[in-house]
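# Breakdown of the fold
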Amino acid sequence: MKKIFIVTIGLLLWGGSIFAQGSKPPKTQFMVRGYGHAGLDYIKTADGTDYSFVGAAFSPIFLFKQGKRFMFETELEFELQNNELEIGLEYANLMYVINKYLMIRGGKFLLPFGTFMERLHPAWINRLSSKPLGFGHDGIAPASDIGVELRGAAHIGGTAINYSVYVVNGPRLKDGSIEPDEAGMLNFQNYIDNNNNKFVGARVGYLPLYNSSLELGASFYTGKPGDKGSVYKDVTAFLWAVDFSFVKQISPIKGILDIKAQYNHTQLSDAYYPVGEEGRDSTDLYTFNNLSRAYYAQLSYRPSMASSSILKNIEIIGRYSQLNTPEGSEWESNVNEITIGLNYWITWRQVVKINYAFINSEGGHDAEDGTGKQKSNTLFVHWAIGL
Amino acid sequence: MKKLVLIFTLAISVTAIAITVSSCTAQREVSAQKSGAELWAQNCIRCHNIPSPPAYSDVQWETIGLHMKERANLTSEQIDKIVAFLQSAN
């Protein structure tokens, strides 16, 4: 498997060098971009402290453009996990510009469910070293999936609107047969479809101001995640999100103010899951209101108009994020996190981030007996670069 | 069944949007007055730091333009003007 990846990359690079030859702009354009990051995490809990070098992750992006309307984009993810090189396919999709207002995409693409995972998660874009609680590969909302999508944008007077509608395989409901303590969770990394029910979703974004500084967005994503033919086949999932973004250079404060926020709401219909470790064989069943919520709000400021060249490149960030998973489930937890950060931008795509996170949690996998309350603090020192 | 209703509703909404938009030709001229430089300054800062024109070659800006049109859901008017500006100023 890994060999195939390496050979493919080799071919892509070789192909790219051919396209790059010649003086006339070629019809087919090829670009390798991407990003990497590395860092040190220092975690302090009631049990003690722990510090380790993390990251060493590299995500190359390959772009092939054919003519003015057609493009193929793919991103691979190389990461060291437990001393093993893990290779992931973040996305790989074709896109075609149908007309001024519509573009079609097919393959594995980042889902426009809110904006964080589609637009803001790369290490050189995310102002902080971590993702907000409940966002990301094991969060409560989708990041990417396989299917087709129509997207586009248009002006309405001085304002702008953007829209996207998609149909994808959708997540799989964990029924507790393999991991009883995760019964009722959605597994979004479900790329081999487990049923014929497709998930549909959409997002509409609106930029009401003439200077495009403000964007308000609303998304939903729904379908049936249960295995075909199982007792869970009729369970429905309805997810929705709202997002907010305001970015503007403001002269009186001599810098760029950036505010971002997103709220995710994940509701599944009631279902009965087996009690205890026996999983599917257990005859005792339980149920709970399967509602999870996660949100974050982030504010950052960079004195971009300062006269000092050092001050100009400094940025301060504050973020609050919260995750609540279903009460009465085996994975019930309530976690919140306050993260503060100080970044130094070496170039527009290269940054050193020093972040400190205060995490308060109740319940969840790591809960101690007794109150179940935990506090932990983490210091992150990360370096991220976009290529 | 429900899903059909949903897909149908979505299709109608997309159509409605397209119609509204094409009937707004007069208003579209308002944003048509903005220059490529202005659109670049206002839009390319919304997710990441703003790249300056010399960062890439003309051919590379074409590819990035299409990539950003997709990623940021920018309008064709916006991205065409921005790419033209970046290519003229690099």
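The structure displayed is predicted, hence computed values, not measured ones. (Residues numbered from 1 in each chain as written. Chains lettered and ligands numbered in written order. Predicted model: local features only at pLDDT ≥ 70, side-chain atom pairs only at ≥ 80, totals over all residues. Heavy atoms only, no water.)

Residues with a pLDDT of 70 or more make up 89% of chain A, whose mean pLDDT is 86. Segment residues 1-22 of chain A is flagged for pLDDT under 50; beyond a separation of four residues in sequence, or across chains, it makes 18 contacts in the model. (pLDDT = per-residue confidence, 0-100. Contact = heavy atoms within 4.5 Å.)

The next subject is the interface of chain A and chain B. At the junction of the two partners, chain A supplies 58 residues and chain B supplies 41 residues. Summing the contributions of chain A and of chain B, the shared interface buries around 4700 Å²; its carbon and sulfur component is 63%. Counting the surface chain A buries against chain B, the share from its top three residues, His155, Tyr210 and Trp348 of chain A, is 16%. Run the count over chain A and chain B and you get 14 residue pairs in polar contact (both at pLDDT 80 or more). Broken down by class, the residue content of the side of chain A that touches chain B amounts to 29 nonpolar, 12 polar and 17 charged. (Buried area = accessible area lost by both parts, 1.4 Å probe. Polar contact = N/O pair within 3.5 Å; in protein donor to acceptor, adjacent residues only side chain to side chain. Nonpolar A, V, L, I, M, F, W, Y, C, P; charged D, E, K, R; others polar.)

In this section: the side chain of arginine 46 of chain B. Inspection of the secondary structure puts arginine 46 of chain B in the loop between helix H3 (36-43) and helix H4 (58-72). Owing to a relative accessible area of 6%, arginine 46 of chain B belongs among the buried residues under this scheme. Polar contacts involving the side chain of arginine 46 of chain B include one to the side chain of glutamate 215 of chain A, which spans 3.3 Å. (Helix = DSSP H or I, 4+ residues; strand = E, 2+ residues; numbered from the N terminus. Buried < 20%, exposed > 50% of the residue type's maximum accessible area, 1.4 Å probe, protein only.)

Our next topic: the packing of aromatic side chains. Applying the stated rule across the entire model yields 23 aromatic pairs over all chains. Relative to phenylalanine 62 of chain A, the ring of phenylalanine 30 of chain A has its centre 6.5 Å away and its plane inclined at 25°; by these criteria the two rings are stacked. Linking phenylalanine 30 of chain A in strand E1 (residues 28-45) with phenylalanine 62 of chain A in strand E2 (residues 48-66), this pair joins segments that are 32 residues apart in sequence. As far as the burial class goes, phenylalanine 30 of chain A and phenylalanine 62 of chain A line up, both buried. Put simply, the rings of Phe109, Phe113, Tyr166, Phe199 and Tyr221 of chain A touch in pairs and so form one group of aromatic residues. The residue whose ring lies beneath arginine 349 of chain A is tryptophan 124 of chain A, and the NZ or CZ to ring-centre distance is 3.9 Å. Across the ring face of tyrosine 210 of chain A, the terminal group of lysine 34 of chain B is positioned such that the distance to the ring centre comes to 4.3 Å. (Phe/Tyr/Trp six-rings, centres within 6.5 Å; stacked < 30°, edge-to-face > 60°. Lys NZ or Arg CZ within 6 Å of the ring centre and 35° of its normal.)

Along the polypeptide, serine 329 of chain A turns up in the loop between strand E17 (314-324) and strand E18 (333-347). Taking C-alpha positions, serine 329 of chain A is 9.6 Å from tyrosine 273 of chain A, a pair spaced 56 residues apart along the chain.

A separate point is a nonpolar patch on the surface. All names here are of chain A. On the surface, a nonpolar cluster with roughly 460 Å² of combined accessible area is contributed by Phe70, Leu94, Tyr96, Ile98, Ile104 and Leu150. The leading source of residues in the nonpolar patch is strand E4 (residues 84-99), at three residues. Within the secondary structure, isoleucine 98 sits in strand E4. (Patch = residues over 30% accessible without salt bridge, like charges linked within 9 Å, V, L, I, M, F, W, Y side chains within 5 Å. Areas by Shrake-Rupley, 256 points an atom, 1.4 Å probe, with all protein chains shown as cover. Salt bridge = Lys/Arg side-chain N within 4 Å of Asp/Glu carboxyl O.)

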